[in-house]
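The primary structure of each chain is shown beneath.
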Amino acid sequence: MKKIYNIVGGITITLLLLLAAQGINGSIDVTKDQRHKLSENTISKLKSLDQPLRIDVFLTGDLPAQYQHFRVSIESLLNNFERYTDQLYISFINPFEEGTADSVIEEMQSYGLPPTFVAENNLSTNKETVLFPWAILNHGEQTVRVSLLKKNLGDTPEKILLQSLQQLEFQFMDGIEQITLTEKKNIAFLTSNKTSKNIVLADLIQSLQSYYDVAPFDFNADGIDRVKTLQNLNRFVLLLISNPKKSFSTDEKYILDQYQLQGGAILWLIDPLKMDESLLMNSEEGAPLEQNQLGLEDYFFNQGIRIQNGLLKDLYCAPIILARGEENNTQYLPYPWPYYPLIKTNTNAAIGKDLGNVWLRYSSPIDTLRNNLKKTVLLKSSNFTQTRTPPAIISLNEVKDEIKPSQYNEQQKIVGVLNEGQFESLFKNRIKPFTIANPIEKGKSKMLLISDGNFIENQVDKGGPLTLGFDKWSSNFYDNKAFITNSIHYLSGLDNLVELRNKNFEMQFLDPVKVEQESTYWKIFILLVPIFFLVTVRLFNHFILNKHNSY
């Protein structure tokens, strides 16, 4: 009878524990790197969802071994999301169940979901698998595509998967942020002062429209009414100034000064030196290197920044593509071009974390000066640089010269720096160029300066804009777009998206050769060990029971 009570009691306690577990909405992440723990911003956003949101994931089906764990991680993350909201509806869809491989690939590409081809090469088989590492978010009438793979130029397959795992939460939450935004912040692009033309900013502007209301801003739109110009500028949380070629007047600098001190942020992308690349390509003599007279020296100096009067050359650089030969024998060949530095982003800053190289063209070094502002260097050259100063002639004949590393003996140069903190007015204790009510002499703000006016300019092909960061001549992709998007989020106050990039963990990969060599051993081991364990337990029980019965 006692045995029966013990059995019933054990079953009852087990059932009570199971029922209690059903009511507990929580889990404990015991991993060293806390990879399964969601950020507070993510949890808050998920709890705020008040309408159904459907997530369709297309990375499923017969996946290569290294992608099976990735797919499980995606499912685990989405299940974790569901713990904080009842508005999510998640499905995994195998697109190849709907037709032949060719028809599926064509249809998916028509929706902007290109495939990824993965080659599996081991000791026994060579196999190519077609994957669609994409998800689609649907919220009301809004739809957003989410890329599940984070790829940089030259990354190994292992690094691609590791970066993709680290960015999964960011990628999904970035899509949810886009699709659920009800009130967008206003940001502006400066269109006066001969800044970048619309066609070369088209790709970035189109991408930003998912997050912001983007508008042009002209210093001269209100004529001579400078007070009204300042009032109009104050409607925007961020002003982007890309590649200006006309000097800024004292009035305009005062407008920018007061705009910043009232909380507005500014993103500067400027060329301190003029370099006409079209002249460089079409002139045997080359192109002169001249100073770009923008009248901003005192403005930046007041903020603890000085741009050097020199052109950066970096041994670690992108190629320039030049034509060689004539007519049918023409060949387009790549040559290292030190005036195209490839810059590694500061991975310790959230803006630059897990990004590939960014591409600069004809940039200049930046010096930082000591003041009370917090300065974060975001972009810095390699340790093998040199600087050319005007007057000088830049010629394509330089590609014929032997590159001598010993000549690149200057240290790293800053080409991108973030300033934030309590700014002081450039016009403090000075006569103001025009009168405004309650001028400000101190104020909290942010400012980012990149010494390359072309940094956010996309190339144009057949009259249409190409993706920012894509070089049509070399077919290389660079991470200019991701870097500048992160920067804009941070400057405009959407830094919750940027903070998600801070998640970092290590992923262990199996050695495919060792797996192939030892697979038979481990299959037998996994098969026999449970049987051996069961037989051992059975024999143990048998002898114990016999011994007990003998008494």
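Owing to the predicted nature of the structure, the values given are computational and were not obtained by experimental measurement.

A look at the overall build of the chain
Here is step 1: Broken down by element type, the chain carries 13 helices and 27 strands.
Here is step 2: A buried classification covers 45% of the 551 residues belonging to the chain.
Here is step 3: When contacts within the chain are restricted to residue pairs at least 6 apart in sequence, long-range pairs at least 24 apart make up 75% of them.

Brief notes about the nonpolar core
Here is step 1: Counting residues in hydrophobic clusters, the biggest one holds 41 residues, and the most contacted among them are L267, L379, F455, I456, F483, I484 and I488.
Here is step 2: Top contributing element to this core by residue count: helix α11 (residues 480–492), with 6 residues.
Here is step 3: Apart from residues lying up to four places away in sequence, L267 is in contact with L238, L239, L240, I241, L448, I484, I488 and L491.
Here is step 4: I255, L256, I266 and I366 belong to the second largest nonpolar core, which has 35 residues in total.

As for the confidence of the model for the chain
Here is step 1: Scored by pLDDT, the chain has a mean of 84; 85% of the residues are at 70 or more.
Here is step 2: Note on residues 21–34: pLDDT under 50 across the span, and 12 contacts to partners over four residues away in sequence or across chains.
Here is step 3: The low-confidence segment residues 505–509 (pLDDT under 50) makes 13 contacts with residues lying over four places distant or belonging to another chain.

Considerations on unusual backbone geometry
Here is step 1: Between P390 and the following residue, P391, the backbone shows a cis peptide bond with an omega angle of 0°.
Here is step 2: Mapped onto the elements, P391 comes out in the loop between β20 (385–388) and β21 (392–394).
Here is step 3: One non-glycine residue with positive phi stands out, namely K462, at about 55°.
Here is step 4: The residue K462 is located in the loop between β24 (460–461) and β25 (464–465) in this model.
Here is step 5: Non-glycine residue S475 carries a positive phi angle of around 60°.
Here is step 6: Residue placement: S475 occurs in the loop between β26 (470–471) and β27 (476–477).

A closer look at the sheet that holds strand β11 (residues 273–274)
Here is step 1: Strand order in the open sheet formed by 3 strands is β11-β12-β21, with antiparallel pairing between adjacent strands. One side of each edge strand has no neighbouring strand; the edge strands of this open sheet are β11 and β21.

Side note on the layout of surface pockets
Here is step 1: Estimated volume of the second largest pocket: approximately 1300 Å³.
Here is step 2: Every residue lining the second largest pocket is counted, 46 residues in all, and those nearest its centre are M275, D276, E277, S278 and Y362.
Here is step 3: Elements that contribute at least two residues to the lining of the second largest pocket include exactly α6 (198–208), β11, α9 (277–282), β12 (287–291), β15 (317–324) and β16 (331–345).
Here is step 4: Of the residues assigned to the lining of the second largest pocket, the class counts are 20 nonpolar, 12 polar and 14 charged.

A closer look at the sheet that holds strand β2 (residues 88–92)
Here is step 1: Spatially, β2-β1-β5-β6 is the arrangement adopted by the 4 strands of the open sheet, whose pairing is mixed. With one partner strand each, in any of the chains shown, β2 and β6 (142–147) form the two edges of the open sheet. Looking at each pair of strands side by side, their axes are set apart by 15° on average, direction ignored.
Here is step 2: One ladder, built from 4 bridges, connects strand β1 (residues 53–57) with strand β5 (residues 134–139); its direction is antiparallel. Each bridged residue has a counterpart across the sheet, and for D56 the counterpart in β5 is I136.
Here is step 3: Set on the sheet, helix α5 (residues 157–180) makes contact with β1, β5 and β6; between it and β6 the angle comes to about 165°.

Some words on the packing of aromatic side chains
Here is step 1: Overall, the coordinates contain 20 aromatic pairs when judged by the stated rule.
Here is step 2: Both rings, one in F81 and one in F172, keep their centres 6.4 Å apart while their planes meet at 90°; by these two values the pair is edge-to-face. Of this pair, F81 sits in helix α3 (residues 65–82) while F172 sits in helix α5; the two residues are 91 residues apart in sequence, bridging distant segments of the chain.
Here is step 3: Relative to F477, the ring of F470 lies with its centre 4.7 Å away and its plane at 40°, an arrangement referred to as tilted.
Here is step 4: The class for F470 is buried, based on a relative accessible area of 18%.
Here is step 5: Each residue in the set F217, F219, F236, F248, W268, Y299 and F300 is aromatic and connected to the rest through ring pairs, giving one cluster.
Here is step 6: Sitting over the ring of W359, R361 keeps its end group 4.2 Å from the ring centre.

Some thoughts on the side chain of Q258
Here is step 1: Summarising the element assignment, Q258 is placed in helix α8 (residues 250–261).
Here is step 2: Beyond its immediate chain neighbours, meaning those up to four positions away, Q258 contacts L230, S425, I436, P439 and I440.

Details of empty space enclosed by the protein
Here is step 1: All chains considered together, the criterion is met by 2 cavities of 30 Å³ or more.
Here is step 2: Taken as a whole, the largest cavity encloses approximately 40 Å³ of empty space.
Here is step 3: Lining the largest cavity are W359, R361, F455, E457, N458, Q459, T467, L468, G469, F470 and N480.
Here is step 4: Split by residue class, the lining of the largest cavity holds 4 nonpolar, 5 polar and 2 charged.
Here is step 5: Approximately 30 Å³ is the volume found for the second largest cavity.
Here is step 6: As for the second largest cavity, its lining consists of D257, Q260, L261, Q303, F423 and E424.

A closer look at a nonpolar patch on the surface
Here is step 1: On the surface, I524, L527, L528, I531, V535 and L539 cluster together into a nonpolar patch covering about 550 Å² of accessible area.
Here is step 2: According to the relative accessible area criterion, V535 is partly exposed, its value standing at 43%.

Some points on the pattern of salt bridges
Side chains that differ in sign of charge can pair as their charged atoms come close.
Here is step 1: Applying the stated criterion to the full structure yields 11 salt bridges.
Here is step 2: Residues K150 and D479 are paired through a salt bridge, measuring 3.3 Å at the closest nitrogen-oxygen approach. Taken together, the positions of K150 in the loop between β6 and α5 and D479 in the loop between β27 and α11 put the pair 329 residues apart, joining distant regions of the chain. Across the pair, exposure class does not vary: K150 and D479 are buried alike.
Here is step 3: We note a salt bridge from D203 to K481, for which the minimum N-O separation is 3.0 Å. Of the two residues, D203 is situated in helix α6 and K481 in helix α11; the sequence distance between them amounts to 278 residues.
Here is step 4: With a relative accessible area of 22%, K481 lands in the partly exposed category.

Analysis parameters
Residues numbered from 1 in each chain as written. Predicted model: local features only at pLDDT ≥ 70, side-chain atom pairs only at ≥ 80, totals over all residues. Heavy atoms only, no water. Helix = DSSP H or I, 4+ residues; strand = E, 2+ residues; numbered from the N terminus. Buried < 20%, exposed > 50% of the residue type's maximum accessible area, 1.4 Å probe, protein only. Contact = heavy atoms within 4.5 Å. Core = buried A, V, L, I, M, F, W, Y, C linked by side-chain atoms within 4.5 Å. pLDDT = per-residue confidence, 0-100. Pairing = 2+ DSSP bridges. 1 Å grid on protein atoms, 1.4 Å probe; cavity = no way out; pocket = protein on both sides within 12 Å on 5 of 7 lines; lining within 4 Å. Points joined across faces, edges and corners; volume = space filled by probe spheres on them. Nonpolar A, V, L, I, M, F, W, Y, C, P; charged D, E, K, R; others polar. Axes fitted to C-alpha atoms, helices over the stretch in contact; angles between N-to-C directions. Phe/Tyr/Trp six-rings, centres within 6.5 Å; stacked < 30°, edge-to-face > 60°. Lys NZ or Arg CZ within 6 Å of the ring centre and 35° of its normal. Patch = residues over 30% accessible without salt bridge, like charges linked within 9 Å, V, L, I, M, F, W, Y side chains within 5 Å. Areas by Shrake-Rupley, 256 points an atom, 1.4 Å probe, with all protein chains shown as cover. Salt bridge = Lys/Arg side-chain N within 4 Å of Asp/Glu carboxyl O.

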